[in-house]
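Inside the fold
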Amino acid sequence: MSHFNLIDEPWIPVRFPDGTRAELGIRDTLLRAKDIAVIEDASPLVVASLHRFLLAVLYRALEGPTDIDQAKEWFKSGLPADKIEAYLDQWRDRFWLFDEKHPFGQILDFEPKIWRAWTVLAAEHNADNAKVLFDHIDVTRADAVSAGMAARWMLATQTFSVSAGKSELSHTGTAPSATAAMALPLGRNLEDTLLLSLVPQNRAVAAQDLPIWERSADSLASLKAGTERTIGGYADRYTWRTRSIRLRRDDAGNVNLLAFASGVENASKDALDPMLAYRIDNEIGRLPIQFKDRGLWRDFDSLLPDDTRLAPGVIEHAAALTRIAKDRFPRSVMVLGQANNKAKIEYWRMERFALPQALLGDRAIRSEIHQLLGDAEETQKALGKACRGFARNLLSRGERVPDGKDVGKFVEQMPASASYWSRLEAAFHDTLRDYTLERDPDDIRLDWLKTVRAALHDVWAQHAAGVSTGDAWAIRALVRAEGTIGKQLKALNDEIQKYETHRNQQEETA
């Protein structure tokens, strides 16, 4: 018997402009998208997956966009409600979460050796092979969860599962974009957000770009033998069957246990994902940008378009659309994802940045911001060199040459570098807001150089204040290390002076 249709039942968590929250089905979410502020969930992985899922629905319902002109027309007139409703009516039978023929996203005849707890779907909760700090759910006695919650986590696990090595079915790998940082430009409402990320694709590709609900379910035999295929398009990528799942519900309609194993192997490793930024590795080639402990802001320039075409397609598309409607330019970009160590998820993250409005002009914004980040990195090298010099001289206590590992450990416990980056991170977010069409880029860099100089000066002064009460060895080590700081401050002062002189000359001739 069919139960819980994702088109009609409430399961997508949204927030309205007045702050109220609700859960909606697919139909109401898309048809009321103009009245919805954002999709909002405690899990960044769920938020990213829901956006990708809704984009897949739109790609199929609208049969496009297949070029920028079609995308601009929809951006001007809004999502075509008639096409969306017609498509959802056509495929309604494929959106039953529980069904005797086509349970959404599942393998109907998968009878596992062991039925597992629902927590295996969520990185945020304990699984039987990975434990999450501060999560006290017992996977052997996990309570049931609602069908809507299970559906959200099922999408998330298909998007973000990493290779774990063991499976009842043939072992397949990681989801196509599981370990990358996904960018999502945020519009004035959910409709704008979706349209900004609805990147055009070739008409022939779009015609064969089938999401999971339009495909025949993979047979259990093929999954056991090892199924592999190439990605057909964006809708296919956004709904990829990374894992073979079958949900089991209790008498109340909630999900208590599930079957869980490997799914379909991705044979097109080099296919581009519109939400990802890339970098070029000299040996491997193009690789997606990932979250690192140091913070994504230090690689923010990778999110901005230029001639290399390595930036996320969604940001390039958002800029192309809003050149005809500057008031709808996305003021911010949300970046979501996770970091892993092989099969172990280390953390998941959601970061939000102001998106430079100057992207709508003809300036090389990526290069400009790359230069700012380069200023910060170069100055940190001087700070790091000074810290290492201080540690080495302090530990030597005369003629003894300290072990390099001891010097490294000492530097790691010094707060100077962490304090330096913390100060600059907050300032960088403010600097991004300065990148309007009207603001002079030289003025922005001048202000940034002053910020970097102040950060270096202040963190070293703080370090010196702590050392000044120490013994003679510490004070001597401090004095020797300060030469490196002095040289970098002078270099920054010289660069600042150039900009100030240029600005004064412009003011005199104005």
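Structure first, text after, so check above.
Summary of the structure given here. (Residues numbered from 1 in each chain as written. Predicted model: local features only at pLDDT ≥ 70, side-chain atom pairs only at ≥ 80, totals over all residues. Heavy atoms only, no water.)

**Remarks on the side chain of R366**
This is how it is decided: Here a helix means four or more residues in a row that DSSP labels H or I, a strand means two or more in a row labelled E, and each is numbered from the N terminus. Whenever a nitrogen or oxygen atom comes within 3.5 Å of another N or O atom, the pair is scored as a polar contact, on the condition that within protein one atom can donate a hydrogen and the other can accept it, and that pairs from neighbouring residues in sequence are kept only if both atoms are in side chains. Note on definitions: a residue-residue contact is assigned when non-hydrogen atoms from the two residues lie within 4.5 Å.
Tracing the chain through its elements places R366 in helix 11 (residues 365–396). Here the side chain of R366 touches S302 through a polar contact of 3.5 Å, landing on its backbone oxygen. Once you skip the residues sitting within four places of it in the chain, R366 turns out to touch D301, S302, L304, P305, D306, T308, L310 and A311.

**Here we look at empty space enclosed by the protein**
One water molecule sets the probe size; rolling that probe over the atoms shows where empty space is left. In plain terms, the rule: Only protein atoms enter the 1 Å grid used here, on which a cavity is any set of points holding a 1.4 Å probe that cannot leave and a pocket is any open set flanked by protein within 12 Å on both sides along at least five of seven lines; residues with an atom within 4 Å of a point are listed as lining. Grid points are joined across faces, edges and corners, and a volume is the space filled by probe spheres set on the points.
Taken as a whole, this structure holds three cavities of 30 Å³ or more when the rule is applied. Empty space within the largest cavity amounts to approximately 110 Å³. Around the largest cavity sit S49, F53, F104, G105, M154, L155, Q158, T159, I212, Y238, T239 and W240, which together line it. Elements with a contribution of two residues or more to the lining of the largest cavity: helix 2 (44–62) and helix 5 (147–160).

**Here we look at the sheet that holds strand 14 (residues 332–341)**
What counts here: One requirement defines pairing of two strands: DSSP has to find at least two bridges between them. For helices, the axis comes from a line fit to the C-alpha atoms of the stretch in contact; other axes are also lines fit to C-alpha atoms, and the angle between any two N-to-C directions lies between 0 and 180 degrees.
Spatial ordering of the open sheet is given by 7-14-15, a layout of three strands whose pairing is antiparallel. Looking at which strands have only one partner, the edges of the open sheet turn out to be strand 7 (182–186) and strand 15 (344–354). Each adjacent strand pair in this sheet contributes to an overall mean axis angle of 15 degrees, direction not counted. In terms of strand pairing, strand 7 meets strand 14 through five bridges, oriented antiparallel. Bridged to L186 within strand 14 is S332. Most of the contacts of helix 2 go to strand 14, to which it runs at about 120 degrees, and overall it touches strand 7, strand 14 and strand 15.

**Focus: a positive patch on the surface**
Condition: Only residues whose relative accessible area exceeds 30% and that form no salt bridge enter a patch; like-charged residues are grouped when within 9 Å of one another, and nonpolar side chains (Val, Leu, Ile, Met, Phe, Trp, Tyr) when within 5 Å. All accessibility values rest on the Shrake-Rupley procedure with a 1.4 Å probe; residue burial counts only the protein chains present in the view. A side-chain nitrogen of Lys or Arg and a carboxyl oxygen of Asp or Glu constitute a salt bridge if their distance falls within 4 Å. Charged residues are defined here as Lys and Arg on the positive side and Asp and Glu on the negative side; His and the ends of the chain fall outside this count. By convention, the point assigned to a charge is CZ for Arg, NZ for Lys, CD for Glu and CG for Asp.
Residues K385, R388, R392 and K487 make up a contiguous surface patch of positive charge. Broken down by element, the residue count for the positive patch peaks at three residues, all from helix 11. Within the secondary structure, K487 sits in helix 15 (residues 472–509).

**What to know about unusual backbone geometry**
Heads up, the condition is: Note on exposure labels: buried denotes an accessible area under 20% of the residue type's maximum, exposed denotes more than 50%, and partly exposed covers the range between, all computed with a 1.4 Å probe on protein chains only.
Cis geometry is adopted by the peptide bond preceding P65, which originates at G64 and carries an omega value of 10 degrees. In this fold, P65 is placed in the loop between helix 2 and helix 3 (68–77). A positive phi angle, close to 55 degrees, is found at E63, a residue other than glycine. Judged by its relative accessible area of 61%, E63 falls in the exposed class.

**Quick look at the environment of G384**
For G384, the location among the structural elements is in helix 11. Its relative accessible area of 7% is what places G384 among the buried residues. Once the C-alpha coordinates of G384 and T484 are considered, the two residues, 100 residues apart in sequence, prove to be 9.6 Å apart.

**Regarding the pairing of strand 15**
Pairing of strand 14 with strand 15 involves ten bridges; the strand directions are antiparallel. Each residue of the ladder has a partner; that of V333, found in strand 15, is F353. Between the end of strand 14 and the start of strand 15, which pair antiparallel, lie two residues, with K342 showing a positive phi angle near 60 degrees.

**Some words on the pattern of salt bridges**
Considering all chains together, one arrives at 36 salt bridges under this definition. Between R21 and E40 there is a salt bridge, with the nearest N and O atoms lying 2.6 Å from each other. Taken as a pair, R21 in strand 3 (residues 21–24) and E40 in the loop between strand 4 (38–39) and helix 2 lie far apart in primary sequence, 19 residues in all. Here E351 makes a salt bridge to R349, at a shortest N to O gap of 3.6 Å. For E351, a relative accessible area of 13% gives the class buried.

**Describing the packing of aromatic side chains**
Applicable threshold: Two aromatic rings, drawn from Phe, Tyr or Trp (for Trp, its six-membered ring), form a pair once their centres lie within 6.5 Å of each other, and the interplanar angle then sorts them: stacked below 30 degrees, edge-to-face above 60, tilted otherwise. Cation placement over rings: the criterion is NZ of Lys or CZ of Arg within 6 Å of the ring centroid and within 35° of the ring normal.
Throughout the structure, instances matching the rule amount to 16 aromatic pairs. A ring pair is formed by F95 and W213, whose centres lie 5.0 Å apart and whose planes are at 45 degrees; its orientation type is tilted. You can see F95 sitting in the loop between helix 4 (81–90) and strand 5 (96–98) and its partner W213 sitting in the loop between helix 7 (203–207) and helix 8 (220–225), a full 118 residues away along the chain. Taken together through their ring pairs, the aromatic side chains of W297, F300, F353, Y420, W421, F428 and W448 make up a single cluster. Seen from the ring of W115, R248 lies directly overhead, with NZ or CZ sitting 4.8 Å from the centre.

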